[in-house]
Amino acid sequence: QVQLAESGGGLAQAGGSLRLSCAASGNIFSIDTMAWYRQAPGNERELVATISRGGSADYADSVKGRFTISRDNAKKMVYLQMNSLKPEDTALYYCNIVLVTENMYWGRGTQVTVSS
């Protein structure tokens, strides 16, 4: 059994910062890709950022230059540092991991709300 637990969401003012964390636990030997997705009401779930096991990161154009994804392989954690937050960043943020076995897992999400 594999579980993902997100934390760090909350309320921030426009221009502020939040740091999201995701801890993976359970029957995990090795994680390939780790990623953050988000979904706002009425919108489709979108990919925010992804990071390979070696640390190569990719970002959605909407967050590029403002967000930074990182991971700690030893702790089996992935982070999303969100700076210069905008109201349009308001969404439920989900952690996603793909194991080397290609099994995929999702967290339950953590709410981020940015006020203007």
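Whatever comes next refers back to the structure up there.
Just so it is clear, the structure is predicted and the values come from calculations on it, not from any experiment. (Residues numbered from 1 in each chain as written. Predicted model: local features only at pLDDT ≥ 70, side-chain atom pairs only at ≥ 80, totals over all residues. Heavy atoms only, no water.)

**Student:** Account for the overall build of the chain, naming residues and giving values.
**Tutor:** Scanning the chain for helices and strands turns up zero helices and eleven strands. Overall, the chain shows an N-to-C arrangement of helices and strands of β-β-β-β-β-β-β-β-β-β-β. Taken against the 2.2 N^0.38 rule, which gives 13 Å for 116 residues, the C-alpha radius of gyration of the chain at 13 Å falls within 12% of a compact globule. The buried share of the chain, reckoned over its 116 residues, is 40%. (Helix = DSSP H or I, 4+ residues; strand = E, 2+ residues; numbered from the N terminus. Rg over C-alpha atoms; globule rule 2.2 N^0.38 Å. Buried < 20%, exposed > 50% of the residue type's maximum accessible area, 1.4 Å probe, protein only.)

**Student:** Any details on the pattern of salt bridges? Residues and values, ideally.
**Tutor:** Enumeration according to the criterion identifies four salt bridges in this entry. Between Arg38 and Glu46 there is a salt bridge, and its shortest N-O distance comes to 2.7 Å. Look at Arg38 and you get buried, because its relative accessible area is 6%. For Glu46, a relative accessible area of 33% corresponds to the partly exposed category. The closest approach of N and O atoms between Arg38 and Asp89, which form a salt bridge, is 3.0 Å. You can see Arg38 sitting in strand β4 (residues 31-39) and its partner Asp89 sitting in the loop between β8 (77-82) and β9 (91-99), a full 51 residues away along the chain. Judged by relative accessible area, which is 0%, Asp89 ranks as buried. (Salt bridge = Lys/Arg side-chain N within 4 Å of Asp/Glu carboxyl O.)

**Student:** Break down the environment of Gln81 for me, with residues and values.
**Tutor:** Tracing the backbone shows Gln81 in strand β8. Taking C-alpha positions, Gln81 is 12 Å from Lys64, a pair spaced 17 residues apart along the chain. The residues contacting Gln81, other than those within four sequence positions of it, are Ser17, Leu18, Arg19, Arg66, Phe67 and Thr68. A polar contact of 3.0 Å, which involves the side chain of Gln81, links it to the side chain of Asn83. (Contact = heavy atoms within 4.5 Å. Polar contact = N/O pair within 3.5 Å; in protein donor to acceptor, adjacent residues only side chain to side chain.)

**Student:** Tell me what's going on with the state of the cysteines, and back it up with residues and numbers.
**Tutor:** Inspection of the entire model under this criterion finds one disulfide. Covalent S-S linkage joins Cys22 and Cys95, the inter-sulfur distance amounting to 2.1 Å. Looking down the S-S bond of the Cys22 and Cys95 bridge, the torsion is -85°, so its handedness is left-handed. With Cys22 in strand β3 (residues 18-26) and Cys95 in strand β9, this residue pair connects regions lying 73 residues apart in the sequence. Assigned by exposure class, Cys22 and Cys95 land together as buried. (Disulfide = S-S within 2.5 Å.)

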